[in-house]
Amino acid sequence: MNRRIAASLSALAMLLVLAVPVLAGGWADIKPDAQTSTSREGTPTEIGFTVLQHGVTPAPWETATVRFTDAATGDSFDVAAANDRSDGHFVASATLPHAGYWSWQVTLGSLASEQVPVRITVLTASGGLPPFDPSSLLAAIDRTKLELTSTMDARIGTEVGRLQRQDDGYAASIDRLEAQSGALVAERDRLAARIQTLEGVGGLPLIAVISLAVLAGSAAGFAMAWLAGQTGRRREGPVVIDPVRRGVDAV
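Residues numbered from 1 in each chain as written. Predicted model: local features only at pLDDT ≥ 70, side-chain atom pairs only at ≥ 80, totals over all residues. Heavy atoms only, no water.

Caption draft 1: View of the pairing of strand 11 (residues 118-123). Where strand 2 (residues 38-40) and strand 11 come together, three bridges link them in parallel fashion. Paired with Thr-38 across the two strands is Thr-121, which belongs to strand 11. Inspection of the sheet shows strand 9 (residues 100-108) paired to strand 11 by five bridges, in the antiparallel sense. Note on strand 11: the bridge partner recorded for Tyr-101 is Thr-121. (Pairing = 2+ DSSP bridges. Helix = DSSP H or I, 4+ residues; strand = E, 2+ residues; numbered from the N terminus.)

Quick look at the structure:
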C-alpha cells in the first residue's frame, strides 16, 4: 500500500512540475499568421492561423472559435473562424469595440490545443494609443493568476481522480493475484500429500511402483509384437492347388 501511495504522489508531483495537461484524444498546434500587432477601434480586424494536428497534419475539418479579451477589463467575446485553405488555415474577422490592450486565443471543437494568447493593441478611432491605467494592469495580473489557479486546480483534481481510480484497479488486481497464489499453494500441498500417500502403497516406494508399471507395459508390448510376427509367418505364401486329379496322366 505504501508503494502505491508513493507512486501516486510521484505522479502528482510530476504533474505539478511540468504543468502539462492530460489530453484524451488528439491535439493540435495553432500557428498564428505573421500579422500586424495593432488595430483600430470600430474597424473590422482580420486574423489568421493554421491548425496542425499533432503539429504536422493540416486539420481543415476542425471547428475553430476565436476569443477576443480586453486585458484591462476582462471583457471578451467569441467569433467563429472559417477555413479558407486545405492546409488547415483559418480566418476570423472581428470589430473591437474600444481602444485598449486586447488578446485573442483559439479554441478547437475536437482537438485539444494550448495556444499562447496573441496580443494586439487597439488604437483609438483617431489613431492614438489607448490610455495606460496601472490599476487596470494590476487587475489584469490578478485576474490572470486567478484563472491560472482555477485551471490548475481543475487539472490536478482530474489527475488525482484518475490516479485514485488507477490505484483502486491495481489494488483489486493485487487481491486477485494473492487469491490465485493462495489457491496454487493449497493445490501444491494437496499434491505433496498425495505423493506421500502413493509412496507407501504396497510397502513399495513410489519409484518402485513406477518401475513395475513401465516393465509391465514393455512386456505387454513385446508379447503383442511376437504374436503379430507369428500370425504373419502363418500367412506367408499362397496355397497352390494342383488341378490334375490323382491317377490321371497329365499328358
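Caption draft 2: Summary view of unusual backbone geometry. Even without being a glycine, His-54 presents a positive backbone phi close to 55°. Mapping His-54 onto the fold places it in the loop between strand 3 (44-53) and strand 4 (57-58).

Caption draft 3: Inspection of the side chain of Glu-159 at higher detail. Within the element layout of this structure, Glu-159 appears in helix 2 (residues 134-198). In this structure Glu-159 comes out as buried when scored by relative accessible area, which is 7%. One polar contact links Glu-159 to Arg-162, side chain to side chain, over a distance of 2.6 Å. (Buried < 20%, exposed > 50% of the residue type's maximum accessible area, 1.4 Å probe, protein only. Polar contact = N/O pair within 3.5 Å; in protein donor to acceptor, adjacent residues only side chain to side chain.)

Caption draft 4: Spotlight on the nonpolar core. Membership of the largest hydrophobic core comes to 22 residues, with the highest contact counts inside it found for Phe-49, Val-51, Val-66, Phe-68, Trp-104, Val-106 and Leu-108. Elements supplying a minimum of two residues to this core: strand 1 (27-32), strand 3, strand 5 (64-70), strand 8 (89-95), strand 9 and strand 11. If you tally residues by element for this core, the top one is strand 9, at four residues. If we skip the residues at most four places from it in the chain, Val-66 touches Ile-47, Phe-49, Phe-77, Asp-78, Val-79, Ala-81, Ala-92, Trp-104, Gln-105 and Val-106. (Core = buried A, V, L, I, M, F, W, Y, C linked by side-chain atoms within 4.5 Å. Contact = heavy atoms within 4.5 Å.)

Caption draft 5: Here's a closer look at the pattern of salt bridges. Throughout the structure, instances matching the rule amount to five salt bridges. Note that Asp-87 and Arg-85 form a salt bridge whose closest N and O atoms lie 3.2 Å from each other. When its relative accessible area of 32% is taken as the criterion, Asp-87 is described as partly exposed. Judged by relative accessible area, which is 39%, Arg-85 ranks as partly exposed. Taking the shortest distance from any N to any O, the salt bridge between Arg-188 and Asp-189 comes out at 3.2 Å. (Salt bridge = Lys/Arg side-chain N within 4 Å of Asp/Glu carboxyl O.)

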